[in-house]
Each structure stands twice: as C-alpha cells, then as structure tokens.
Amino acid sequence: MQSFTVQCAKTVRGDITVPGDKSISHRSIMFGSLATGTTKVTGFLRGEDALATLEAFRAMGIQIDDDGSTITIHGKGLHGLSEPSDVLDCGNSGTSMRLLTGLLAGQGFFSVLTGDKYLRARPMKRVVGPLTKMGARILGRDGGEKAPLAIQGGKLTGIEYTSPVSSAQVKSALMLAGLYAEGTTTIYEPHLSRDHSERMLRHFGAHIESFEGGVRLTGGVDLKAADIAVPADISSAAFFMVAALIVPGSELLIRNVGVNPTRTGILDILKAMGADIALENEREQSGEPVADLRVRHSQLKAIEISGEVVPRAIDEFPVICVAAALAEGTTRVKDAAELRVKETDRIAAMAKNLAKAGVGIVETPDGMEITGAGKLAGCQAESFGDHRIAMSMLVAGLAAGGATTVDDTECIATSFPGFLDLLTEVAVR
Ligand SMILES: O=C(O)C1=C[C@@H](OP(=O)(O)O)[C@@H](O)[C@H](O)C1
Ligand SMILES: C=C(OP(=O)(O)O)C(=O)O
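What counts as what
Residues numbered from 1 in each chain as written. Chains lettered and ligands numbered in written order. Predicted model: local features only at pLDDT ≥ 70, side-chain atom pairs only at ≥ 80, totals over all residues. UniProt positions renumbered as here; feature names shortened; annotations may be inferred. Pairing = 2+ DSSP bridges. Helix = DSSP H or I, 4+ residues; strand = E, 2+ residues; numbered from the N terminus. Contact = placed C-beta atoms within 7 Å. Axes fitted to C-alpha atoms, helices over the stretch in contact; angles between N-to-C directions. Core = buried A, V, L, I, M, F, W, Y, C linked by C-beta atoms within 7 Å. Buried ≥ 20, exposed ≤ 12 C-beta atoms within 10 Å, placed from the backbone.

Per an unreviewed UniProt entry, the protein goes by 3-phosphoshikimate 1-carboxyvinyltransferase and derives from Geomonas silvestris. Recorded in UniProt under Catalytic activity (unreviewed entry), the annotation for the protein is "3-phosphoshikimate + phosphoenolpyruvate = 5-O-(1-carboxyvinyl)-3-phosphoshikimate + phosphate". Its UniProt record, at the heading Sequence similarities (unreviewed entry), says of the protein: "Belongs to the EPSP synthase family."

Written out as structure tokens, the structure reads:
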C-alpha cells in the first residue's frame, strides 16, 4: 500500500491546470458512442473512472482511438452497440455503473456490471427501481440493491418519476433509458443536480426540455456527432483552491475550469466563508461555461451549509471540511446524507481524520458540525480507499504543524492522476 507524506508549506503559488472534468469525460464517451459519426474529445480525463467507461464501450464494439491528446470515438448510432462477451468492470466508478445500467436496460442484449469492493457496497436501487418501472429486467445482490447487476435489455416505456434524491446519476440513467423508451420520460428532483447530460445531449442535437424541478425527453431521437473540449474539473480545482486559501501569503491561478452553475456550489460556499476567489476570462466551450480562477489566502469564517447548494458541491465536502477546520467558529452542514453513500462514508471518514489533526467534528445523520481549530496538527490519516478523502487530508497537511501522512493513496488515480506532483510543485517550502 502506497502512502504519501506532506510537510507544512510556507506558501502556495503557481499558475496551474488540473485534469479534465470527470462527469463530462464519462458522458463524452457515452453520448459520442451513441451518436452517428465521429466525435473528437480534447481535455479528456485519463483517470481510472473515465477510462472504465471508455473500456466498457470498446467492449461493446465501439472503436475509440487515443493519440495521447485527442480521443476519437467512432459512434455507431443509438442501436450500434453489441453484446459484451464478458462482465463490464466499472472499477470504483458510481457514474459508470449507474449511467450504464440505464443505457443497457434499453439494449437488445444481456450484460453484467461489476466494480471494486467499494462500488459493490453502494446503493443501486435508486436506478434499478425506476428502470424496472420502465420495463427493465435487472437482477442484483440484495434484491437489486448491490452490484454485480445482470441486465437483460429489452423494450422500455417512458415514465414520470420523482426522485427522492438530487442525483445526476439517477437523472442521467433515466435519460439514457429514455432515449430507448417509447413515449416521453420525465424526471423530477428536489434540487437541480449537475446538468451535463442535458447540455451534452443538446450539443448532439437532441431536444431536451428542462423546466423548474425537472427534465423531459422523448425517445428515439438520433444524436449527431459533435466535437467536445472538456474543461478542467472544478471538483479537482477545489483541492487547490482550499490549499491557497488556508496557507498564508498564497496566490494561485487555476486555468480553464468548468463553472457550470450546477457545479459552482464550492465557489458560493467558499466566498460566503470570506474567500478571495476571482473568475477571470469567462467564456463558453462545447456548451459549458469556463473561467480561470484566481485564489488568494483569506481568513475564513464559519457558515451554515444546507439546501440547494448541497448537490451543487456534493463532491467537495471533504475539502470543505478542511476549510471549515481552519475557519473561525462552527460550520454546520445539513441535508448532506448522500455523503454517507459515496466511495466511503465521507462524513465519518473526515470526522475520524480531522479528529487526529486536533479538530472537533460532531457527526449528524445528514451532515456535521466542524469547529475551527486555529491550527492543525500533523497526523497519520487514512484514505478509506476514497480519492477525495486522500487529497483533502494532503491539502490539510500543507497547513499543519509537523508531517501529515496519508495511507493508501493509490485511489487518487481514480479522478486526479498527477495530483501528488502538482501539490508538491505549488507548495513553497
Ligand atoms: O453524474 C455524475 O457525473 C456525478 C454525480 C454525483 O453523484 P450522485 O448522482 O450520486 O449525486 C457525483 O457525486 C459524482 O461524482 C458524479
Ligand atoms: C462520488 C464520486 O464519483 P462516483 O459516484 O462516480 O464514484 C466522486 O468522484 O466523488
């Protein structure tokens, strides 16, 4: 098992670019494969999660070339996939498994999805349930709650579905099934989750109706290939934003970051905490808003975080915990029970790790209360096999007294290859 140790940084400085957006990278492969014609993707994230999706489509007969800079997908249209001869391995990726479940439910063939031990423990009924209502035939462990999932594709009918959780994976799985369903598919969610599927489907020429509280699409629409420039992932940029905010004298420019409003909860939260973050050079790229982010060290203060901002920052909570640990006062997080069913229970994992760094965290069923400690102690932290926990604790280590070691850091390759080198590069000692 690989571990990594960081020392306190004097300051954090640099002009950096982080890897491509994970959500958009997954979708570029999926929708590019289902479109008619050739889709060229630049800025694709070569992290394990997005590569698991890429390999799954290759296994279903799609030719996908990678020359090291551009990914070229030779799309075969909505009905061009063929039966995979083996189990499709989604690795650690919930997005691959849940979106593929929706897509595979509408195919004329049989398939099986599996993943690593973390993914096989995550809830799948949230997609299996509504897909079954559309006519899908899916079997899984624990009554269809856990992978492996066996999917006998077939005829689907559009439904109206109100999701109890704000989840882009649920919404996108049903939209992918909806492409194959007879009639229209309508999905309502409590708060708007990330809308990359909607934007990319429109980019490929499909008609999707987005309205207050939901989205609707009609089955059978053909998708036309269109090139995609993937912006840098704001969820990856978040680690460097917090690093610059918590280390005195820091200034970082993070270039070409996706700032889709359904993803910018992290900016709203950090700014409410008093962060100095400026958006520069705002522009649009393949239907997605993009900007450069300039971040300067700031004295942060505690806030309350709940409601609609939670799904817009869902993957950033581990690193938000680190910001809160160095803020003045007690930060309260509510409405975030989803954090308990990610790669690990992210509330319990951060509470355990930050306690070792001398920070008081009280867990609640749907969130936590974090009381700023003024300074952090170096510690021996655990990743729990979760990339975002590992990266968050390494960022915390830049502002801690003494060394911080994080064990089991291989998982970082899931979403952020090159993270350790970039962190070492920006930390001035
Ligand atoms: O659709 C997506 O690309 C994602 C949606 C979110 O999951 P949920 O839909 O479970 O909230 C997020 O946590 C995940 O990292 C990526
Ligand atoms: C939750 C995450 O991803 P997924 O659900 O795709 O595994 C994540 O990247 O933080």
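Now that the structure has been shown, we can carry on.
Here we come to the sheet that holds strand β6 (residues 88–89). Strand order in the open sheet formed by four strands is β6-β7-β9-β8, with mixed pairing between adjacent strands. The two strands at the open ends of the sheet, each matched to only one other strand, are β6 and β8 (137–140). Summarising the sheet, strand β7 (residues 110–114) and strand β9 (residues 146–152) pair through four bridges and their orientation is antiparallel. Bridge pairing in β9 places Ser-111 opposite Ile-151. Strands in contact with helix α3 (residues 94–105) are β6, β7, β8 and β9; relative to β9, the strand with the most contacts, it is inclined by about 15°.

Here the focus is the nonpolar core. If you look at the biggest cluster of nonpolar residues, it comprises 81 residues, and the most contacted ones within it are Val-242, Ala-243 and Ala-323. At eleven residues, the largest contribution of residues to this core is made by helix α8 (residues 234–246). In contact with Val-242, not counting residues within four places along its chain, are Val-319, Val-322, Ala-323 and Val-395. Counting residues in hydrophobic clusters, the runner-up holds 61 residues, among them Met-97, Met-134, Leu-156 and Leu-179.

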